[in-house]
Amino acid sequence: YNLTLAGASFIEILGVTEVAIGLGEATLFMQKTVKEVVFGFEDKLLKDLGIFMPGLPTTVQLVYNMSERDTSTPSQISTGRANLSDLGQYTEWQGYTSLPFWGSEEANTVNGTEGLFFAPDLDKNATLTTFVDDLF
């Protein structure tokens, strides 16, 4: 686990961890299904640590819960009608033509496709860009 220790001392966290493992409620190694790992499972140890760290997420998952996404502000993607090489390129993401999150203009640029398709007749040496909205 990669936990932020704000709000709890190392000794408190170590104590809860040792007690949870000692009681058999938590283990250092777990056996989980692929579905649980990808889409999430509640971890007993994280739940116990929540006593000392309110707000600590108790679910471990690899894939962000798509049902929690903001769908009220649609993104815009080029149809390629004006320029076929722009097919599938993001022109706006959730109302942003440039993002306010990162430290550089290049990192805040909204460009690329979502990665599922690209314009036809690509040059094999062309640089392909993708916009990964899972980072937000």
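What counts, and where the lines are drawn
Residues numbered from 1 in each chain as written. Predicted model: local features only at pLDDT ≥ 70, side-chain atom pairs only at ≥ 80, totals over all residues. Heavy atoms only, no water. Helix = DSSP H or I, 4+ residues; strand = E, 2+ residues; numbered from the N terminus. Buried < 20%, exposed > 50% of the residue type's maximum accessible area, 1.4 Å probe, protein only. Contact = heavy atoms within 4.5 Å. Phe/Tyr/Trp six-rings, centres within 6.5 Å; stacked < 30°, edge-to-face > 60°. Patch = residues over 30% accessible without salt bridge, like charges linked within 9 Å, V, L, I, M, F, W, Y side chains within 5 Å. Areas by Shrake-Rupley, 256 points an atom, 1.4 Å probe, with all protein chains shown as cover. Salt bridge = Lys/Arg side-chain N within 4 Å of Asp/Glu carboxyl O.

A. The overall build of the protein chain, seen in detail. When its secondary structure is counted, the protein chain shows three helices and four strands. In sequence order, the protein chain lays out its α and β elements as α-α-β-α-β-β-β. When burial is assessed residue by residue, the protein chain has 20% of its 136 residues classed as buried. Once local pairs closer than 6 in sequence are excluded, the contacts in the protein chain between residues at least 24 apart make up 39%.

B. Focus on the environment of T58. By secondary structure assignment, the location of T58 is in the loop between α3 (44–49) and β2 (59–60). Under the relative-accessibility criterion, T58 is labelled partly exposed at 21%. Sequence-wise, T58 and E42 are 16 residues apart; in three dimensions their C-alpha atoms are separated by 5.5 Å. Not counting residues up to four positions away in its chain, the partners in contact with T58 are F41, E42, D43, L46 and K47.

C. Representation of the packing of aromatic side chains in the model. Counting across every chain of the model gives four aromatic pairs. With 4.9 Å between their ring centres and 55° between their planes, Y90 and F131 make a pair best called tilted. You can see Y90 sitting in strand β4 (residues 90–92) and its partner F131 sitting in the segment after β4, a full 41 residues away along the chain. Per residue, the accessibility class of Y90 equals that of F131, and both read buried. The interplanar angle of 20° and the centroid separation of 6.4 Å between the aromatic rings of W93 and Y96 together place this pair among those described as stacked.

D. Highlighting a nonpolar patch on the surface. A grouping of Y96, F101 and W102 is seen on the molecular surface, where their side chains present a nonpolar patch of about 300 Å² in accessible area. Within the secondary structure, W102 sits in the segment after β4.

E. Spatial organisation of unusual backbone geometry. Positive phi is not limited to glycine here, since Q94 has a value of about 45°. With respect to the helices and strands, the residue Q94 is situated in the segment after β4. Accessibility expressed as a relative area gives 22% for Q94, which makes it partly exposed. Positive phi outside glycine occurs at D121, with the angle close to 60°. Considering the arrangement of structural elements, one finds D121 in the segment after β4. With relative accessibility at 79%, the residue D121 sits in the exposed group.

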